[in-house]
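# Tertiary structure, described
Residues per chain are reported as follows:
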Amino acid sequence: MSFKSGEPASNRSVSPSATVEERSRERDFLVFKPAETVDLSEAFFVSASYDGGRRAAFVKLYEPESKKIYFWYDNTGHKPYCLSDLPVEELRKIEPLVKHQGFDHLEEVTKVDSLRDKVLNMTKIVATDPLAIGGRPAGSIRDIIPKAWEADIRYYECFVYDRGLFPGMPYRVEGGSLVPVKPKLSEGVSKRLSEALASEPEEFGEFIRSLTDLFECRIPEFRRVALDIEVASDVPTRVPDPEGAEYPVVCATLLGSDGVRRILLLRREGVDSGPGFPEGVKVEFCDREVDLITEIFKALLDYPVVLTFNGDEFDLRYLYHRAEKRFKFAREQIPIELGKQFALLKYGVHIDLYKFFFNRSLQIYAFSQRYRENTLDAVGEALIGKAKIEFEGSLNDLAYSELAEYCYRDAEIAMELTTFDNDLVMKLILILTRISRMPMDDVCRQGVSSWIRSLMYYEHRLRNYLIPRSEDLLELKGMTSTEALIKGKKYKGAIVVEPRAGVHFNVSVLDFASLYPSIIKMYNLSYETVLCPHSDCRDNKVPDLPYWICKRRRGLSSLIIGAMRDLRVDWYKRVARDKSLPEPLRNLYNVVQLTLKVILNASYGVMGAEAFALYCPPVAEAVTAIGRYAFTKTIEKARSLGIEVVYGDTDSIFLEAPTAEQVDELVNWSREELRMELEIDKSYRYAAFPKLKKNYLGVYPDGTVDIKGMTGKKRNTPAFLQAAFMEMVRTLGEVQSPDDFEKARARIFDVVKTCYVKLKRREYPLEDLAFNIMISKPVEGYRKTTPQHVKAALLLQKSGIEVKPGDVISFVKVTSDLGVKPVRLTSSREVDVSKYMEYVQSTFEQVLDALGIDFKDIMGVTKLESFFGAG
DNA sequence: GCGGACTGCTTACCT
DNA sequence: ACAGGTAAGCAGTCCGCG
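If you're wondering where the values come from, they're calculated on a predicted model, not measured in any experiment.

## Side note on the overall build of chain A
- Assigned secondary structure in chain A consists of 29 helices and 27 strands.
- Its C-alpha atoms give chain A a radius of gyration of 31 Å, near enough to 29 Å, the size a compact globule of 871 residues would have.
- If you line up chain A on its principal axes, its C-alpha atoms span 85 × 85 × 55 Å.
- A buried classification covers 55% of the 871 residues belonging to chain A.
- The contacts in chain A between residues at least 6 apart in sequence include a share of 68% that link residues at least 24 apart.
- Surface accessibility of chain A: about 38200 Å² in total, with carbon and sulfur atoms responsible for 48%.
- Counting 122 positive and 128 negative side-chain charges, chain A places the averaged centre of each group 2 Å from the other.

## Examining the side chain of Gln 363
- Structurally, Gln 363 can be placed in helix H12 (residues 360-366).
- Side-chain polar atoms of Gln 363 contact the backbone oxygen of Phe 357, separated by 3.2 Å.
- Polar contacts involving the side chain of Gln 363 include one to the side chain of Asn 374, which spans 3.3 Å.
- In this structure Gln 363 touches Phe 357, Phe 358, Ser 368, Gln 369, Tyr 371, Arg 372 and Asn 374, once residues within four positions along its chain are discounted.

## Some remarks on helix H23 (residues 719-733)
- The terminal C-alpha atoms of H23, which comprises 15 residues, lie 21 Å apart, in line with the 21 Å expected from a rise of 1.5 Å per residue.
- Within H23 the residues assigned to the buried category are Phe 720, Leu 721, Ala 724, Phe 725, Met 728, Val 729, Thr 731, Leu 732 and Gly 733.
- For H23, the elements touching its buried residues are strand S22 (678-689), strand S23 (696-699), strand S24 (705-708), helix H24 (741-760), helix H25 (766-769) and helix H27 (833-851).

## Digging into the packing of helix H18 (residues 515-522) against helix H20 (residues 583-607)
- Between H18 and H20, the shortest axis-to-axis distance is 8 Å and the interhelical angle comes to 65 degrees. With respect to H20, the axis of H18 lies roughly perpendicular. Crossing of H18 against H20: the hand is left-handed. Every residue of H20 that contacts H18 at Tyr 516, Pro 517 and Ile 520 is listed here: Leu 600, Ser 603, Tyr 604 and Met 607.
- Of the residues that constitute the contact of H18 with H20, the class distribution is 6 nonpolar, 1 polar and no charged.

## Looking at the protein's contact with DNA strand B
- In the vicinity of DNA strand B lie 22 residues, with Lys 487, Asp 651, Lys 694, Ser 776 and Tyr 782 positioned nearest.
- Each atom of DNA strand B within 4 Å of the protein was classed as base or backbone; sugar and phosphate made up 93%.
- Contact between DNA strand B and Tyr 696: a phosphate oxygen at 3.1 Å from a side-chain N or O atom of the residue.
- One of the side-chain nitrogen or oxygen atoms of His 789 is found 3.2 Å away from a phosphate oxygen of DNA strand B.
- Split into classes, the residues belonging to the surface near DNA strand B amount to 5 nonpolar, 6 polar and 11 charged.

## Structural notes on the protein's contact with DNA strand C
- The environment of DNA strand C is made up of 35 residues, and the closest members are Ile 486, Gly 493, Ala 609, Lys 791 and Lys 813.
- The sugar-phosphate share of atoms of DNA strand C within 4 Å of the protein amounts to 81%.
- Take Ile 486: an N or O atom from its main chain is 3.2 Å from a phosphate oxygen of DNA strand C.
- In the model, a phosphate oxygen of DNA strand C is placed 2.9 Å from a nitrogen or oxygen of the Lys 693 side chain.
- Among the elements of the structure, H12, helix H16 (448-462), H20, helix H26 (788-798) and H27 are those that each provide at least two residues to the surface near DNA strand C.
- Grouping the amino acids of the surface near DNA strand C by side-chain chemistry returns 15 nonpolar, 11 polar and 9 charged.

## Quick look at the confidence of the model for chain A
- When the pLDDT values of chain A are averaged, the result is 91; 95% of them are 70 or greater.
- pLDDT under 50 marks residues 867-871. Its contacts with residues more than four places away, or in other chains, come to 9 contacts.

## Focus on the packing of helix H13 (residues 376-384) against helix H14 (residues 400-436)
- Taken N-terminus to C-terminus, the directions of H13 and H14 make an angle of 45 degrees; their axes are 10 Å apart at the nearest point. Comparing the axis directions of H13 and H14 gives the class oblique. The hand of the H13/H14 crossing is left-handed. Contacts between H13 and H14 involve Leu 376, Val 379, Gly 380, Leu 383 and Ile 384 from the former and Asp 410, Ile 413, Ala 414, Glu 416, Leu 417 and Phe 420 from the latter.
- In terms of residue class, the contact of H13 with H14 is made up of 8 nonpolar, 1 polar and 2 charged.

## A few points about the sheet that holds strand S4 (residues 68-73)
- Spatially, the 5 strands line up as an open sheet ordered S4-S3-S2-S8-S9, and their pairing is antiparallel. Each end of this open sheet is capped by a strand with a single partner; those strands are S4 and strand S9 (177-180). Averaged over all neighbouring strand pairs, the angle between strand axes comes to 45 degrees, with direction disregarded.
- In terms of strand pairing, strand S8 (residues 170-174) meets S9 through 4 bridges, oriented antiparallel. Across the sheet, residue Glu 174 finds its bridge partner in S9, namely Ser 177.

## A closer look at the packing of aromatic side chains
- Scanning the entire structure with this criterion turns up 43 aromatic pairs.
- An angle of 85 degrees between the planes, with centres 5.7 Å apart, marks the rings of Phe 297 and Phe 329 as edge-to-face. One end of the pair, Phe 297, is in helix H9 (residues 289-300); the other, Phe 329, is in the loop between helix H10 (315-326) and strand S15 (336-338), and 32 residues separate them in sequence.
- Since its relative accessible area comes to 4%, Phe 329 is described here as buried.
- Ring geometry for Phe 367 and Tyr 371: centres 6.1 Å apart, planes at 50 degrees, overall tilted. The residues Phe 367 and Tyr 371 share a single accessibility class, namely buried.
- Each residue in the set Phe 720, Tyr 764, Phe 771, Phe 811, Tyr 836 and Tyr 839 is aromatic and connected to the rest through ring pairs, giving one cluster.

Cut-offs used in this document
Residues numbered from 1 in each chain as written. Chains lettered and ligands numbered in written order. Predicted model: local features only at pLDDT ≥ 70, side-chain atom pairs only at ≥ 80, totals over all residues. Heavy atoms only, no water. Helix = DSSP H or I, 4+ residues; strand = E, 2+ residues; numbered from the N terminus. Rg over C-alpha atoms; globule rule 2.2 N^0.38 Å. Buried < 20%, exposed > 50% of the residue type's maximum accessible area, 1.4 Å probe, protein only. Contact = heavy atoms within 4.5 Å. Areas by Shrake-Rupley, 256 points an atom, 1.4 Å probe, with all protein chains shown as cover. Lys, Arg positive; Asp, Glu negative; His and termini not counted. Charge placed at Lys NZ, Arg CZ, Asp CG, Glu CD. Polar contact = N/O pair within 3.5 Å; in protein donor to acceptor, adjacent residues only side chain to side chain. Expected span 1.5 Å × (residues − 1). Axes fitted to C-alpha atoms, helices over the stretch in contact; angles between N-to-C directions. Parallel < 35°, antiparallel > 145°, perpendicular 65-115°, else oblique. Left-handed = near helix turned anticlockwise from the far one by under 90°. Nonpolar A, V, L, I, M, F, W, Y, C, P; charged D, E, K, R; others polar. Near = heavy atom within 4 Å. pLDDT = per-residue confidence, 0-100. Pairing = 2+ DSSP bridges. Phe/Tyr/Trp six-rings, centres within 6.5 Å; stacked < 30°, edge-to-face > 60°.

What follows is the structure, given as structure tokens:
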């Protein structure tokens, strides 16, 4: 497409000559007014919030036919409240309460106190608006009464829990009422499902059924738009400040899932047209920035889902302030709702993919650590193989088409991050929404502890359980009684077995299928069951801990985590692999099992995390104690069966050449004695262990190699060394029998020697020599020491390059005073060759150590330096 | 004044 | 703001060394 085919913004709605007031009035079409509730046959609950004007909770419903958002306002008269243990008469005497502006009325209620296992009479303090309960700096109801329960729950969440609504699920609107659409399971599926879970005890059955309703339900396609803006700025290395919003928005891309591909460009003096615009894109030139912004705002009022990468912090925030400060938009004319740390939309749902992909649990368990840096570039490259477009110098100097291309690519990456693998990300979000019972916007912005908190709160309300106050939980259950091995940690964790250093052939690795969730289920662990109030439970001891566990009642977290574990292991994991099922169904099942994995893997961790609302250290401590117990018993049993245990970590044990009978016997023993499922996870042709824990190399029968923990594989290791290391690994993959190691040794010698020679001759490009270390704090935050990567970062800053937490600092070791220098500021002759040689040696020694080869045997001398003569 | 032994900090990894 | 356990490399400190 040529430059000329660009056209001015269509539908320009504000005439250039109008006065400020006239323009403002003309802009009123941007004022968002939710349509009155209409009847709908099926629409998906995507979000909820509170409308201060109407004093009611509302729900955003996505209707997949029209692909629009509809608003449903609560018409059941639900009101905000909190709970008190004081009787109504007592509360009436508290004047500041009853005279409180937002006070509505008092109600007597009963609640189940699961901590003390009894029913309580309590008083519900009902208010007219959520801020009256809490949230005002002073004088909130929760601060007036001596002790308030359930006063920290956001109002719309409270509403969702009380009304038993399920975010993410379909509803119909009928005569103004919100009615769930019962999803229909196909007969085949429902039959197989009940067979698969037939052995479940009934106490789990009911909860499992409620979960399958959520998971088996279809997921709609979301009409969405990816938005990216570019802002001019005089300082090329600095991101413009979104609060000040001083610079003009010069370009924006609106890339819709519906085929819309628009690039909006601000016409400026002296800008070249450039080589050409991306194919099939509508390029629109705006003479005035305000028109460009108006076009973006129209899209924000049109699309039910808006995707950005860092829109919370930048794009939407910038647009908001730019519109308000520079163009005097009234708040109502801006379709964005700004919070301290997020930017939401008045009409649809804003998904900030930066926040989503930044989530550690998702990063590790859903995307298997495929990306590490949280930049659009890194995530895009890793997941969809698409990188940002690079350019030299300032964005201001780009020609129109270059700027457009750059901006367009970013939007493209954002969109494709939600479309790859059959819309995996959108589906993940929706399934998470259903599990956590949280609005979609919140799910994308919050961590796993919030998801689990929300799920737990919901189940409390469903059962009329009083949600315990954090301080009561801590006081009643106490802290921990074990000592961690690591300074600063709260309690003892897992066991790592000292490896039998050397090479072992035919190694089988057994592990417990989700050990911690299984323990939580089997041992009935939950905050209310550990150290329960019943004297007859006191003999039900946790091994090696002064704790007992309730025998009378099923703990709520045990029920929830146990059910999810079984559902994943016995149903979703299996059907996700079942080729006889239609592809779309299998795809859904895979998303479900992935999501369950994310939640389950974190379920133990949150119990020991202070930030978790139901934080209960003894529970976390009991989990690891039982884990250690099962683990050591299993190792003892294996050894008693005559099996050599060469290594083990937490829940996995490495057995040297066990017979099939031995493995069977161990697995059966575990099932019967421990009531835990032990299974073969993997088998190695051989495995090599250095003396170090959490370090090994395992070769599968087909020659592929597993490497764990070794320096050569770490991402901060210089590329040249990683490559040399991988070269050695390939050689080791070819080793079939002990005799083959001789050949491998010669090859390894070559690899190391080549490395050395190239270092010496300074033949490696500097980038290959760079250590890449992430800086986790602002540079000024390093008070106690100044690590090398921070030294390099300081040098970068001095040269005018901005360094932010999360940036990866690439630096080279040099001979000059500081010892390090950022790659981009270094020349090849400065490199400290002998330092690199030491590094080569230590990296290779890790593996050679395991193979029983001395480094000096390979090189003939102790140190590389002496091998080649003094450096 | 310098180097070894030590501790602590920081990062990246394993389960 | 899910947990604890392990390793590497370096920064910084203390102490001995007549």
